[in-house]
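# Results of the structural survey
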Amino acid sequence: MYQSQHFEKYNLINGVWDEMYSENSIVRHHYKKVIEYLAQESPDDLGKKEELAKNLFMTQGITFTVYNSGEGIEKIFPFDIIPRVITSDEWCIIEKGIKQRLTALNLFLKDIYHNQFIVKDGIVPIDIIYSCPHFLREMYQLNVPYDIYVHIAGIDLIRDHDGTFYVLEDNLRTPSGVSYMLENREITKRLFPDLLPNCGVRSVTEYPSILYKNLLSLSPRQISNPTIVLLSPGIYNSAYFEHTTLARLMGVELVEGRDLVVNNHKVYMKTTTGLQQVDVIYRRVDDEFLDPLVFNPNSVLGVAGLMGAYRKGNVAIVNAVGNGVADDKATYIYVPDMIKYYLNEEPLLKNVPTHRLSNKDERDHVFKNINTMVVKKTNESGGYGMLMGHAATEEEIEKYKLEILKDPRNFIAQPTISLSAAPCYIGGALQPRRIDLRPYALCGPDGIEIVPGGLTRVALKEGSLVVNSSQGGGSKDTWVLA
Amino acid sequence: MPEFKIQHITKYSYDNFVRDSANNIILFPIVDIYQDVIKHDLVITGNPQVDTYVDYYGNEVGSFTNTEPHNQLIINSQLLVNTHARALPVDNMFASEQWNELFNLRYIVPYIDFLKQEYFEGLSELQPVVENERKTEDTPYHTALKFCQYVYKNFEYIKGVTTVETTLDEIWKIKAGVCQDFAHLLMVMLRLVGIPARYVSGYICPNRDGMRGEGATHAWAEAYIPGYGWLGIDPTNNCIANEMHVRLAVGRNFSDCSPVKGVYKGSANHKLEVSVSVGYEDNHLPEEKDIFTASTLPKTETTASRNSYARYMEIVQQQQQQQQ
Amino acid sequence: MLSRVAASFYWLSRYIERSDGILRMLKINYASSQDSVAGFTWEPVIRIFSGPDGELMEKLGNDSRAVLKYMVTDKDNHNSILNIITLARENARSVQEHIPKDLWQCLNEYYHTVKEPKIAAGLKKDDPIGVLDVLIKQVMLYYGTAEITMERGQGRSFMNIGKYLERAIQSIDILDVKYGPLNNNPNLLTDITYWKHLLMSIGGYELYQKTYRGGLEAQNVLELIILNNDFPRSVIYSVNSIQRYFDRLKNNSNVNDYREISFHIGRLQSSIKYSSVKSISQEGLHQYLIRVKEDLYQIGNALNEYYFANS
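Residues numbered from 1 in each chain as written. Chains lettered and ligands numbered in written order. Predicted model: local features only at pLDDT ≥ 70, side-chain atom pairs only at ≥ 80, totals over all residues. Heavy atoms only, no water.

## What about the overall build of chain B?
A tally of helices and strands in chain B yields seven helices and 15 strands. Here chain B holds 324 residues, and the buried ones make up 55% of them. Partitioning the intrachain contacts of chain B with sequence separation of at least 6 by distance along the chain shows that 75% fall at a separation of at least 24. Carbon together with sulfur atoms contributes 49% to the accessible area of chain B, which is approximately 14700 Å² in total. (Helix = DSSP H or I, 4+ residues; strand = E, 2+ residues; numbered from the N terminus. Buried < 20%, exposed > 50% of the residue type's maximum accessible area, 1.4 Å probe, protein only. Contact = heavy atoms within 4.5 Å. Areas by Shrake-Rupley, 256 points an atom, 1.4 Å probe, with all protein chains shown as cover.)

## As for the interface of chain A and chain C
At the junction of the two partners, chain A supplies 21 residues and chain C supplies 23 residues. Summed over both sides, the interface between chain A and chain C buries roughly 1900 Å², with carbon and sulfur atoms accounting for 43% of that surface. At the surface where chain A touches chain C, the tally comes to two salt bridges. Across the pair D259 of chain A and R4 of chain C runs a salt bridge, and its minimum N-O distance is 2.6 Å. Scanning the region where chain A abuts chain C turns up 10 residue pairs in polar contact (both at pLDDT 80 or more). Listing elements by their share of the side of chain A that touches chain C, those giving two or more residues are β1 (64–68), β2 (71–75), α9 (240–250), β7 (253–255) and β9 (266–271) of chain A. Across the side of chain A that touches chain C, the residue classes tally to seven nonpolar, seven polar and seven charged. (Buried area = accessible area lost by both parts, 1.4 Å probe. Salt bridge = Lys/Arg side-chain N within 4 Å of Asp/Glu carboxyl O. Polar contact = N/O pair within 3.5 Å; in protein donor to acceptor, adjacent residues only side chain to side chain. Nonpolar A, V, L, I, M, F, W, Y, C, P; charged D, E, K, R; others polar.)

## A few points about the interface of chain B and chain A
Between chain B and chain A, the contact holds 37 residues from the first and 49 residues from the second. Inspection of the region where chain B meets chain A yields three salt bridges. Close ionic contact of K270 of chain A with D20 of chain B constitutes a salt bridge, the shortest N to O distance being 2.8 Å. Summed over the shared surface of chain B and chain A, the number is nine residue pairs in polar contact (both at pLDDT 80 or more). Elements with a minimum of two residues in the side of chain B that touches chain A: β1 (3–25), β3 (51–54), β4 (60–66), β13 (260–265) and α7 (308–320) of chain B. Classifying every residue of the side of chain B that touches chain A by side-chain character gives 12 nonpolar, 15 polar and 10 charged.

## A closer look at the domain arrangement of chain B
Residues and elements named next belong to chain B. Parsing chain B into structural domains produces domain 1 (3–83 + 257–320) and domain 2 (95–255). Across the contact, 30 residues belong to domain 1 and 32 residues belong to domain 2. When domain 1 packs against domain 2, close to 2600 Å² is buried across both sides, 59% of that on carbon and sulfur atoms. Here domain 1 is connected to domain 2 by one salt bridge. For the pair domain 1 and domain 2, the interface holds 10 residue pairs in polar contact (both at pLDDT 80 or more). Of all the secondary-structure elements, those providing two or more residues to the side of domain 1 that touches domain 2 are β1, β5 (70–83) and β14 (270–280). Looking at which element gives the most residues to the side of domain 1 that touches domain 2, the answer is β14, with five residues. Across the side of domain 1 that touches domain 2, the residue classes break down as 19 nonpolar, seven polar and four charged. (Domains from an automatic or database assignment.)

Listed below in structure tokens is the structure:
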């Protein structure tokens, strides 16, 4: 164990991969410089840094608003000052693995909305597709620019006890959190001056310019200055800060549904000098709310007639509509098979073993071993509607089982994966907490690019395995070494 | 080979000016060997550019917009259609063989969509009815006709008793409905025994005695019969839908086939009037006595809520629930 | 500029200006409630900002503390400072990337100040004037910051149009409410305290003293508040300012819309410019004020239609 006062309370968790320490309590090489830097700081210094970080978040307005009984309370997404470090070898695997996965998922979406070869060949069961609420028949035979459906993906990765990376979830609809990747880095630069260049940490700042370049390339009009907008649900959305940040960094207009109107299958935004045609929409509004004419008629966030303009190719929508059929947790099971089917390659990143509860044998198996399982709803994300078998009471389990039996298609189960641990500054000392990793991949006509970094989410509660911000999770800056 | 002249007028009147309307219409008859369109005149207020495309179910859908302030929208569709009678199923395959064939269609596109049962509370009461009606030796064709008769006999046809919002549960309770409810009920029964069933919207061309479903768009169901294909069955009139029925669209349910739907902005109430009149080509159109009786079929959604506070709360709530 | 963004600038400003008017009005009226216990009533103040509402008046019972609570921190009063500032802040939030950070922070601070428990507590039991001054200072900070930091572009023009439109309407409402009782109570015409309070509540007392040497007269007060070009709260000054900032919106792509509104504003401007106390009396003050207010509303509606896309 490293001799420093910060590490007195650092007890490795049994059977869990620790990002900083190897099994015999030797600091892993890639954490050495960070640890040396920290060792020079007194606990008091670290406390001050933590305070500084909080102030920076607050004064820069990097907040989200939680609404309780009509009152908006501004909160900051908890930030742990100790960076999470990833070696260039590890990153290499992640990068290749995600590119491979995303290539297959894009092919899958194109296939499923056109010829459905993969279904006809019996690789993905048809009932999975046709019973998925996010399989949108409105997208059938609709051609999207360059056959790209997933322009922006947030792939959630976790590490098992032996350090192997697993894909936990593919977020292919409107993944959020990338602004925290960017802001966390800006704040770390202030907290640990000179440490980043000393360690050789790769930069993440290119993200907005890559995204902008990709959005620009999708413009249906071949003009020098197409209009690109970011469509936000509005100020009450918890990710509104992210929407303003991205719009500002890319220099595009931040719009709401009511700013847009469709006329003769073209989309326009309403300006003080009249209507201005819109070419590309980076939307952060869910499919169901995008066009009240076609989807949820009560939506006030969308634009009536948008799907018509989209079908005619007069506007590009990012991410494409209907991607939910590919990141549904029941479809997830078949992603490794998709990689083999479309690319004729072995998957580089593993899936977490997953049981379909609509299959009776698998359901029986899960019910028998429920204490070692995590059960999830197939079309929920953000840690909602989960059952953690090891932590649930008998009563909770029985109630949940009844819910499963009502509609087993909507549930999957996975064995509890341990999640790796990383040092966090908590209560004046470093303590291990469980983490995951969400890198952001950008897919454009020139290929897939992943900025070296991502959002490391951390379960700040001792012993907790849930990293979602809605469930008491926080985040860390994520360093990828050159 | 009868020729029909059909006039279908949909008229929205708003008590205030509205803007930014976007509309989808499914008013283009299906063209196949049993039905062709000789002439189709479509006149819409403001002469908007109508773009058409073919949807997932093969229906031709037209869409148009109107951003200017307006207080009226009239869609006048005038058709000259030629229909041909189709021979009825011979039904000479063994029943078991036919049921077997249907069973094998369970996971085949497009049948998978037309077998998915929408849940409703009356299902547990309908199940024994279905089992009772169907005899093991019955072919799917026979079964479909029996179910059609069951719906016809056990439900009362009352114009205007239900709206497009009425749920199957309510219809089951009041044991009455209009053509689309009859069609939905028949589809539920067919799907329960594994016969793929789809919804059809269109027009009924009455004989001299008159038929139910005149004066508005009509709806019925189609059942998939092995060795034959899709067979139109009209539970509202307890008959096979053949050359007297003009098909506009097919789908899983009403909302896939909604003849006219639209969304607009503005705080106005709207009144909807629909009229359909049918005549044989050699005759004049019948007296338009039925014209502009309010119907409930087409649907318009407005983005204006009950009041600005309700609208505000709705916006806040929707904005908060978007996330991944 | 997006129509919604322009509308947010405009409404943001209207709300701020309204809060300023309310706070000053409350401050002076509270002071006068300490002066003349018998004749004082809060009724005009309530009427200006909540409309005529007998039930409400009865509930508040002319109790200064109750009125202050109602007007400043009451969540159920849609024109309370708390609600107005919340709306102003929401408008600012939706255009956050278009306004200087300093201005946003200023407004944010105003909002948090209003919400502080000590404001409500102070209005209940401490010196209300001190509390109102804290809030008035927030408005002044906001105006100062806006003046220093706002880019001289379209956004600022819409802000200022909103500000002066709101101000003109307020001045008109105050006059209408204060001159109304004269018909039934001619004694008020010579009641010096009455006119002094009116002038003080819109910050015109000092200018009046300098302009008119002969003591307080109803006619002169009227002239100052409607027709004085140098009085920043006069109707004519506000309308001139609307004209000035609207003029800056002119560009090539919206000539017709521009002309239409420009005509409205110009017509109103000259109709006020060529009024006199005498001509106003001939028309009848109430009728005159109603007419000017109608014109101002029309300008607001036209802006909504042509520039804000009815948002």
